[in-house]
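Below, each chain spelled out in residue letters.
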Amino acid sequence: MPEEPLGGDVPVAANFVFEVDGVEIGAFKEITGLQMTVTTHEYVEGGQNQYVQQFPGVIRWPHLVFKRGLVNSDALFTWVGKSSGEGFAGNQNKVTRSTGAVTVLGNNGERLRSWEFEGVFAVAWSGPTLSADVADSLTETLEVAHNGFRATTL
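My aim in this report is to walk through the structure given alongside it, one point at a time. Just so you know, these numbers come straight off a predicted model, no measurement behind them.

The rules behind these values
- Residues numbered from 1 in each chain as written.
- Predicted model: local features only at pLDDT ≥ 70, side-chain atom pairs only at ≥ 80, totals over all residues.
- Heavy atoms only, no water.
- Helix = DSSP H or I, 4+ residues; strand = E, 2+ residues; numbered from the N terminus.
- Polar contact = N/O pair within 3.5 Å; in protein donor to acceptor, adjacent residues only side chain to side chain.
- Contact = heavy atoms within 4.5 Å.
- Salt bridge = Lys/Arg side-chain N within 4 Å of Asp/Glu carboxyl O.
- Buried < 20%, exposed > 50% of the residue type's maximum accessible area, 1.4 Å probe, protein only.
- Arc of directions from axis to C-beta.
- Pairing = 2+ DSSP bridges.
- Phe/Tyr/Trp six-rings, centres within 6.5 Å; stacked < 30°, edge-to-face > 60°.

Phi angles above zero are rare outside glycine, and Asp21 is one such case at about 50°. If you trace the backbone, Asp21 turns up in the loop between strand S1 (16-20) and strand S2 (23-26).

Here's what the structure looks like:
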C-alpha cells in the first residue's frame, strides 16, 4: 500500500515558516535553495573500458533565498545584527552561527515536515523597491548560508 502524503492531503507550498534558534523570523512566500549536490571524483581504471569509476566527494549546499512581503516584526534584523555590524564587533569579530528551520504547515497550521539547518547566518538582505510609479507588492529578500540540513517528519 503506498504511503499517504503528509497530513493526508498533498500539502501546498504556500504554508511554511522560517525559524532561527526557535524564534520565528517570518512566513515567507518563496524559499529557494533547498537542495544539495554531491561532487564526484572520476577514476579511469586501466583495462576497464565499459565505465569510469566514480567516488563521492564534497557535499555542496547552496545558499537559501527567502522572499516575503513586509511584516510587522524586528526578529529578522535582531538575528542579522548578531552576525554583522556592532553585533559582530561585540562578539570579537566572530560570526554567530545559529540553527535554522524551515517548516511546512498543513492547512490547519499543523507542522508536517521540517528541514533543520546547521550553522546558519545571513549573507544578504534586500528591501523592497519603492517607487510611486509602480504598484507592486513590497517584497524583501533574505539570503542565508548554512552547513547542511536534515529533514524530519514531525
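Past the structure itself, the notes keep going.
Tracing the chain through its elements places Thr103 in strand S7 (residues 98-105). A distance of 3.2 Å separates polar atoms of two side chains, one belonging to Thr103 and the other to Ser114. Contact partners of Thr103, with chain neighbours within four places excluded, come to Asn15, Phe16, Val17, Glu19, Arg111, Arg113, Ser114 and Leu154.

With that settled, the discussion passes to the pattern of salt bridges. Close approach of charged atoms lets side chains of opposite charge pair. Enumeration according to the criterion identifies four salt bridges in this entry. Here Glu140 makes a salt bridge to Arg68, at a shortest N to O gap of 2.7 Å. Of this pair, Glu140 sits in strand S9 (residues 139-145) while Arg68 sits in strand S6 (residues 64-69), and the two are 72 residues apart along the sequence. The exposure class of Glu140 is buried, given its relative accessible area of 5%. The class of Arg68 is buried, set by a relative accessible area of 1%. Among the ionic contacts, a cluster of salt bridges with common partners joins Glu116, Glu118 and Arg150.

Once that is clear, we can look at helix H1 (residues 75-82). Looking only at H1, the buried set comprises Ala75, Leu76, Trp79 and Val80. The buried residues of H1 all sit within an arc of 130° when viewed along its axis, so they share a single face. Taken together, the buried residues of H1 touch S1, S2, S6, S7, strand S8 (111-126) and S9.

The subject of this paragraph is the pairing of S9. Counting buried residues in S9 gives five out of seven residues, a clear majority hidden from the surface. Pairing of S6 with S9, which is carried by six bridges, proceeds in the antiparallel orientation. Across the sheet, residue Phe66 finds its bridge partner in S9, namely Leu142. Bridge count between S8 and S9: five bridges; the pairing is antiparallel.

What follows covers the packing of aromatic side chains. Here the structure, examined in full by the defined rule, presents seven aromatic pairs. Here Phe18 and Trp79 contribute two aromatic rings whose centre-to-centre distance is 6.2 Å and whose plane-to-plane angle is 75°, an arrangement assigned as edge-to-face. With a gap of 61 residues between them, Phe18 in strand S1 and Trp79 in helix H1 connect regions that are remote in the sequence. Taken individually, Phe18 and Trp79 each receive the classification buried, so the pair is uniform in this respect. With a centroid separation of 5.1 Å and 70° between ring planes, the pair formed by Phe77 and Trp125 is classed as edge-to-face. Of this pair, Phe77 sits in helix H1 while Trp125 is found in strand S8, placing the two residues 48 residues apart along the sequence. Using a relative accessible area of 43% as the deciding quantity, one classes Phe77 as partly exposed. Under the relative-accessibility criterion, Trp125 is labelled partly exposed at 39%. One aromatic cluster is present, formed by Phe18, Phe28, Phe66 and Trp79 through successive ring pairs.

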